[in-house]
Amino acid sequence: EERELLAEMTKTRKAIDKLAADDCKAVAIDRYINRLKWNDIADLEHISRAQVFRVHDKMLEAMAKILSKGGYE
């Protein structure tokens, strides 16, 4: 199980690294690699919780494009 988790985390990180916007990368790493809660991400990134969600939405749109091109490999 640990090997499978590590493999999935590696794929996730590779996809995140392809994001162009630094704010999107930061939120994605905080949420999907470090598994932080939304409030903790807002505190860590020095932005409001509402801004975290705006950045997350922007990140999801960019990630959909990356994944459609096989960006997790």
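Just above, that's the structure.
Note that the structure is predicted; figures quoted are calculated from it, not measured.

S.K.: I'm lost on the pattern of salt bridges in this one. Help?
M.R.: With the rule as written, the count across this model stands at three salt bridges. A salt bridge links glutamate 8 to lysine 11; the nearest nitrogen and oxygen atoms lie 3.5 Å apart. A residue pair is termed a helical-turn pair when its members lie 3 or 4 positions apart in one helix, as glutamate 8 and lysine 11 do in helix H1 (residues 2–17) at three residues. Under the relative-accessibility criterion, lysine 11 is labelled partly exposed at 37%. Between aspartate 17 and arginine 13 there is a salt bridge; the shortest N-O distance is 3.0 Å. Placement of the pair is aspartate 17 and arginine 13 together in helix H1, with a separation of four residues, close to one helical turn. When its relative accessible area of 35% is taken as the criterion, arginine 13 is described as partly exposed.

Conventions we followed
- Residues numbered from 1 in each chain as written.
- Predicted model: local features only at pLDDT ≥ 70, side-chain atom pairs only at ≥ 80, totals over all residues.
- Heavy atoms only, no water.
- Salt bridge = Lys/Arg side-chain N within 4 Å of Asp/Glu carboxyl O.
- Helix = DSSP H or I, 4+ residues; strand = E, 2+ residues; numbered from the N terminus.
- Buried < 20%, exposed > 50% of the residue type's maximum accessible area, 1.4 Å probe, protein only.

Everything listed here is a matter of coordinates, which is why it stays silent on function.
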